[in-house]
Every structure is written in C-alpha cells, then in structure tokens.
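# Inside the fold
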Amino acid sequence: MEKLNQLYEGKAKKVFATSDPNYVIVSYKDDATAFNGLKKGTIAGKGEVNNRMSNMLMTMLEKQGIPTHFVKELSSRETLVRKVSIVPLEVIVRNVTAGSLAKRLGVEEGITLKRTVLEYCYKDDALGDPMVNEYHILAMGWTSEETLRKIAEYALRINDILKAYFKGLNIDLIDFKLEFGITSDGQLVLADEISPDTCRFWDSSTHEKLDKDRFRRDLGGVEDAYREMMRRIEGK
Ligand code: UDP
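Residues numbered from 1 in each chain as written. Predicted model: local features only at pLDDT ≥ 70, side-chain atom pairs only at ≥ 80, totals over all residues. Heavy atoms only, no water.

## Quick word on the overall build of the chain
How we decide: Helix and strand assignments come from DSSP, with helices taken as H or I runs of at least 4 residues and strands as E runs of at least 2, each series counted from the N terminus. C-alpha atoms define the radius of gyration in this analysis, and the globule rule sets the expected value at 2.2 Å times the number of residues to the power 0.38. Buried means the residue's accessible area, taken with a 1.4 Å probe over protein chains only, is under 20% of the maximum for its type, while exposed means over 50%, and partly exposed covers the values in between. In this description, contact between two residues means that some pair of their heavy atoms is separated by no more than 4.5 Å. Every accessible area reported is derived by Shrake-Rupley at a probe size of 1.4 Å, with residue values counting cover from the shown protein chains alone. His is not counted, nor are the chain ends; Lys and Arg add positive charge and Asp and Glu add negative charge. To locate a charge, take atom NZ for lysine, CZ for arginine, CG for aspartate or CD for glutamate.
In terms of helices and strands, the chain carries six helices and 14 strands. Computed over C-alpha atoms, the radius of gyration of the chain comes to 17 Å, within 12% of the 18 Å expected from 2.2 N^0.38 for 236 residues, which places it in the range of a compact globule. Reported as C-alpha extents along the three principal axes, the dimensions of the chain are approximately 50 × 45 × 35 Å. Residues counted as buried form 50% of the 236 residues belonging to the chain. In the chain, of all internal contacts separated by at least 6 residues, the share reaching a separation of at least 24 is 56%. Of the accessible surface of the chain, which amounts to about 11,500 Å², a share of 52% is contributed by carbon and sulfur atoms. The centroid of the 36 positive side-chain charges in the chain is displaced by 1 Å from the centroid of its 37 negative side-chain charges.

Laid out in structure tokens, this is it:
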C-alpha cells in the first residue's frame, strides 16, 4: 500500500493516508508532551520503542480475541493500521493508586485497589480532557450504550491480559489509557497505542518507574526506562 499525504500531526504521532481509504500509516515521533501540552521535550528512541511495543501488545491481544486497528509493522517507526473514527473518550484502567487518582482522592500512590477502576475522560484538549461518567457519555451521544458496554468489557479483559503478561516480566501494571475506534464497516476496535507513554509500569521488586512519569516529573533516566521496557519485552 502506497504512503500518501499527511492527514494529521498529533503530539506523539503523524498519520498518513494510503492508496486504500480504509487504511492509514502512523509514524511515531520522539516528541513528548505532558500536562496537556504545557511541558514539551523529546525522548530519544521513544518512537521506536512505542511503535514496537504497541504492535507487539496489540498482536498479543488480537490472539486473545480483542479486535485492534493493528495491521502490519512497516518499519521501526511506521505501522499500517485500519482507519477508524475515534470514540472521543480516554478509557483509563487502574489497578494501583497513582497520578490524578491519588491527587483527587488525597491518598498516596502505590495502594493496590480492592477492584479495578474504570474512568472515562472526554477527549478535548481545550477543556483539558475532563473526567465524565456513563451518564454524560450517553446524554451527549458520544457513543451508544451498546458500544460503551463493549468498551468497558474489552478494557477489563485487556487489563487482565496485560497485567498477567507484565507480571511475568517483573513489572506491575499500575494504570493505563486506551482509545477505541469504529472502522468503516462499523467494527469497534482498540486503537491508538499501548506504550510507556500511556501506561504506568513499576518494577515489581524495586518499584522503580519505567514509564513517562520519569519525563513528567523530571526523574532523569527517561531514555533508559523506555529502553529497559523494550529489553524486557524482547526477553533480552
Ligand atoms: N494517560 C494518558 N494520556 C492522558 C492522560 C493519562 O496516556 O492524556 C495515562 C497515564 O500515562 C496513566 C493513566 O493514563 O498511565 C492514568 O493517568 P492519570 O489520570 O493519573 O493522569 P496523569 O497523572 O498522567 O495526569
């Protein structure tokens, strides 16, 4: 499939049209942002790690019955994916308190939750992606009740699969963000990416952070953390 014009440039990825209207090519950048774009920087090699990791995890999820947008890795930074219309929600799954949840509830980070927490944020940069609930989503018509039910079901299954997988790499999956899309033939699929940009990964033994929090919080060793995640996934 031929790579054509650029359709869109986001904070961490570019999207290109292809000769087939049902497919696009995503190209992962090393650019990093945090706090709704207020903090900007680059993380050398991040694009390659996120591309490879996301593709590998989506391939694993597909094998376990979760439909995704992934089609084929084209190069170290570029991937062919199904073109979708994104459901305008960030779906956040939490196993352990961290980040905005710890802040909102006034608790420390690192408390294992008695059960998985699902949260939704409305995707709108100008509004700072406000948290919303099922009532807001259905009242605003951002998606249907049937699709929302499926999104929640997939998100919880994805959590079970990823949590077990990362545990095998001595990593605790603290929380993560998912996005879903609808293909031209109406199928709900997992889209966007699963990477250290969108997940919190803590080493199970040392509790060292191996994700974008190293960038957000100026902890240093950002590139090393991304490389370490890749190393564990590749089993080296
Ligand atoms: N997250 C994300 N994109 C966002 C907001 C959050 O990928 O725009 C991820 C984040 O990396 C973490 C999880 O979702 O793994 C929960 O994030 P949280 O709500 O705690 O927000 P943060 O503290 O990152 O602002």
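## Some words on the nonpolar core
Rule in force here: Nonpolar cores are built from buried Ala, Val, Leu, Ile, Met, Phe, Trp, Tyr and Cys residues. Side-chain atoms within 4.5 Å join them into one set.
Judged by nonpolar contacts, the single largest core of 49 residues is most densely connected at I158 and F166. Sorting elements by how many residues they give to this core places helix α4 (residues 145–167) first, with 10 residues. With residues near it in sequence (within four places) discarded, I158 still touches L61, I66, F176, L178, F180 and L190. V24, V26, Y28 and V81 belong to the second-largest nonpolar core, a separate cluster that totals five residues.

## What about unusual backbone geometry?
Its identity as a non-glycine residue notwithstanding, D129 has a phi of 50°, on the positive side. Locating D129 in the fold gives a position in the loop between β10 (112–122) and β11 (131–132). Although it is not a glycine, N170 sits at a positive phi angle of roughly 60°. Structurally, N170 is set in the loop between α4 and β12 (171–183).

## Re the side chain of E90
Definition in use: Here, a salt bridge means any side-chain nitrogen of Lys or Arg that lies within 4 Å of a carboxyl oxygen of Asp or Glu.
Relative to the helices and strands, E90 is located in strand β9 (residues 89–96). Here E90 occupies a buried position and makes no salt bridge, while the nearest side chain of opposite charge, K177, is found at 4.2 Å. The contact partners of E90, leaving out residues within four places of it in the chain, are E119, Y120, C121, K123, D129, K177, L178 and E179.

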